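# Tertiary structure, described
What follows is the residue order along each chain.
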Amino acid sequence: MNRLSLTLSRGIARVTESALGPYQSAVIRIGFAATWLLFLLREFPHRQELYGPDGPWSWDLAQQLTSDNHAFTALMWSAGQGWFEGFYLLAILSSAALLLGWRTRTASVLFMVGVLSLQNRSVFVGDGGDNVLHLMSFYLVFTRCGQVWSLDARRAARVEAARARGERVRADRLGPVLWAVLGLALGGVTLAGRFDNGWLVPALLWTVWAVLGLWGAVQRRAKSQEPWILLDVIANVLHNGALFVIMAEACLIYATAGWYKIQGSRWQDGTAVYYPLHLDYFSPWPALADLMSSSGTIMMIVTYGTVMVQVAFPFTLFNRRVKNVLLVLMMTEHAVIAVVLGLPFFSLAMITADAVFLPTAFLLLLGGWAARARGQLVRRGDGDRTLPPPRSAEESRPGRVGFTA
């Protein structure tokens, strides 16, 4: 009984004392934001056909559908062309802000609003990657995904360094301004009756806005550390719970995909991979597809291997070495899908979902490579100017970052 109590207390302490997986959450933040940003930029010339008010799936048809399924989309608030163009631009900017980790909490909320609004506006133009992005944009709101590799973390480190030197730190002025502007926008939308198609997203938006205001008030006016500690514990619990849900979601995606494949006759006889390679819609490189499908043995190995990896992956999480091997196989498979089948955004979304399971040591090594590459580029651009060496893995560990991250 004492051993059980000790284990339980250690688990509770681990969940409440810190936000686990800071590098994993940063990777999925960067990955999903980059996927959506690249998609929006790639489809910018076709935005009218995909999501515009005069597109094939017209504004009236979308309104009828959302009134039945109660899906949230801000594009239904107005049928004007100016509103659509402004919202599309806002989706691009929020994706870039989340990618860079600038005002991460606010950016994650705006990112979610952009993803849900555009995808729910035209539900027939997406694929499996869009479904993953749809879910993950909601989960990211609850994570502290800007602890590392973000402008928020960089700003927090500068503030801590200034305080350590005894310097006076200027109060954040942009944060309260953003909070006030978003509050006015939420209030205006609510009073105008636009939130009449469901309660979940409006409730989440108002809750995040209220918590951000409370967090800022505690930072500026609290005379003791107890309120700050309480809010920090709540934020850690939400982050760790959301990270667990993201991992469970990825496992569920692979498990269901694998078990459904087992029931298909083409997967059972080992020929399922052959057919997509010869569909015109999925053949950007016909010669490459013909080369890969020329060997029946290779097709059979890839078909059976795909099923075995997807079914086995959730059960390998308890063995780190096997899990890492399967991660490499799945990421490689999605990279091949991106090139051979012409589905880059689907593959990016799935690779990002896989990245939540990457070991921290590898992510630190990857961050070091990126820092050295950036340093070399800056040196070439600045000539002989002396630059500080890149930070070590220990120095780059996350410190205390506010709720905005």
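Residues numbered from 1 in each chain as written. Predicted model: local features only at pLDDT ≥ 70, side-chain atom pairs only at ≥ 80, totals over all residues. Heavy atoms only, no water.

## A word on the side chain of Thr 316
Short version of the rule: Numbering of helices and strands starts at the N terminus; helices are DSSP runs of H or I of at least 4 residues and strands are runs of E of at least 2. Any pair of residues with heavy atoms lying within 4.5 Å of one another is described as a contacting pair.
As for its placement among the helices and strands, Thr 316 is situated in the loop between helix H14 (296–312) and helix H15 (320–340). For Thr 316, the contacting residues outside a window of four places in its chain are Val 322, Lys 323 and Leu 326.

## Some thoughts on helix H4 (residues 59–69)
To be explicit about the condition: For the exposure calls, accessible area comes from a 1.4 Å probe over protein chains only, and a residue counts as buried if that area is under 20% of its type's maximum, exposed if over 50%, partly exposed in between. Each C-beta atom gives one direction from the helix axis, and the arc is the one those directions make.
Among the residues of H4, Trp 59, Ala 62 and Thr 66 are the ones counted as buried. Projected onto a plane normal to the axis of H4, the buried residues spread over an arc of 60 degrees and lie on a single side. Once H4 ends, the next one or two residues include His 70, with phi positive near 60 degrees.

## Concerning the UniProt feature "transmembrane region" (unreviewed entry) in the protein chain
Worth spelling out the cut-off: UniProt positions are given in the numbering used here, feature names are shortened, and annotations may be inferred rather than shown by experiment.
Within the UniProt annotation, "transmembrane region" (unreviewed entry) is assigned to residues 20–41, 82–102, 174–193, 199–218, 230–257, 298–318, 325–345 and 351–371. The span residues 174–193 carries 90% helix and 0% strand; its end-to-end C-alpha distance comes to 29 Å. Annotated as 86% helix and 0% strand, the span residues 325–345 places its first and last C-alpha atoms 23 Å apart.

## What to know about the nonpolar core
What counts here: Buried residues of nine kinds, namely Ala, Val, Leu, Ile, Met, Phe, Trp, Tyr and Cys, make up a nonpolar core once their side-chain atoms join them within 4.5 Å.
One finds Phe 32, Trp 36, Tyr 51 and Leu 118 to be the most contacted residues of the largest nonpolar core, which totals 75 residues. By size, the runner-up hydrophobic cluster in this structure holds five residues, among which are Trp 215, Val 218, Trp 228 and Ala 235.

## Regarding the UniProt feature "domain: HTTM-like" (unreviewed entry) in the protein chain
Mapped onto the present numbering, the UniProt feature "domain: HTTM-like" (unreviewed entry) falls at residues 17–362. As annotated, residues 17–362 has a helix share of 71% and a strand share of 0%, and its two end C-alpha atoms lie 24 Å apart.

## Considerations on the packing of aromatic side chains
To be explicit about the condition: Stacked, edge-to-face and tilted labels apply to pairs of Phe, Tyr and Trp rings (six-membered ring for Trp) whose centres lie within 6.5 Å, assigned for plane angles under 30 degrees, over 60, and everything in between, in that order. In this scheme, Lys NZ or Arg CZ marks a charge over a ring once it lies within 6 Å of the ring centre and within 35 degrees of the ring normal.
Tallying each qualifying case throughout the model produces 20 aromatic pairs. A ring pair is formed by Trp 206 and Trp 209, whose centres lie 5.5 Å apart and whose planes are at 90 degrees; its orientation type is edge-to-face. Of this pair, Trp 206 and Trp 209 both sit in helix H10 (residues 200–221), three residues apart, roughly one helical turn. Look at Trp 206 and you get partly exposed, because its relative accessible area is 28%. What makes Trp 209 partly exposed here is its relative accessible area of 22%. Here the aromatic rings of Tyr 274 and Tyr 275 are separated by 5.5 Å at their centres, their planes lie at 90 degrees, and the arrangement is edge-to-face. Judged by its relative accessible area of 34%, Tyr 274 is partly exposed. Using a relative accessible area of 41% as the deciding quantity, one classes Tyr 275 as partly exposed. Put simply, the rings of Phe 72, Trp 77, Trp 83, Phe 87 and Phe 195 touch in pairs and so form one group of aromatic residues. Across the ring face of Phe 44, the terminal group of Arg 47 is positioned such that the distance to the ring centre comes to 3.9 Å. Directly above the ring of Trp 267 sits Lys 261, whose terminal nitrogen or CZ lies 5.2 Å from the centroid.

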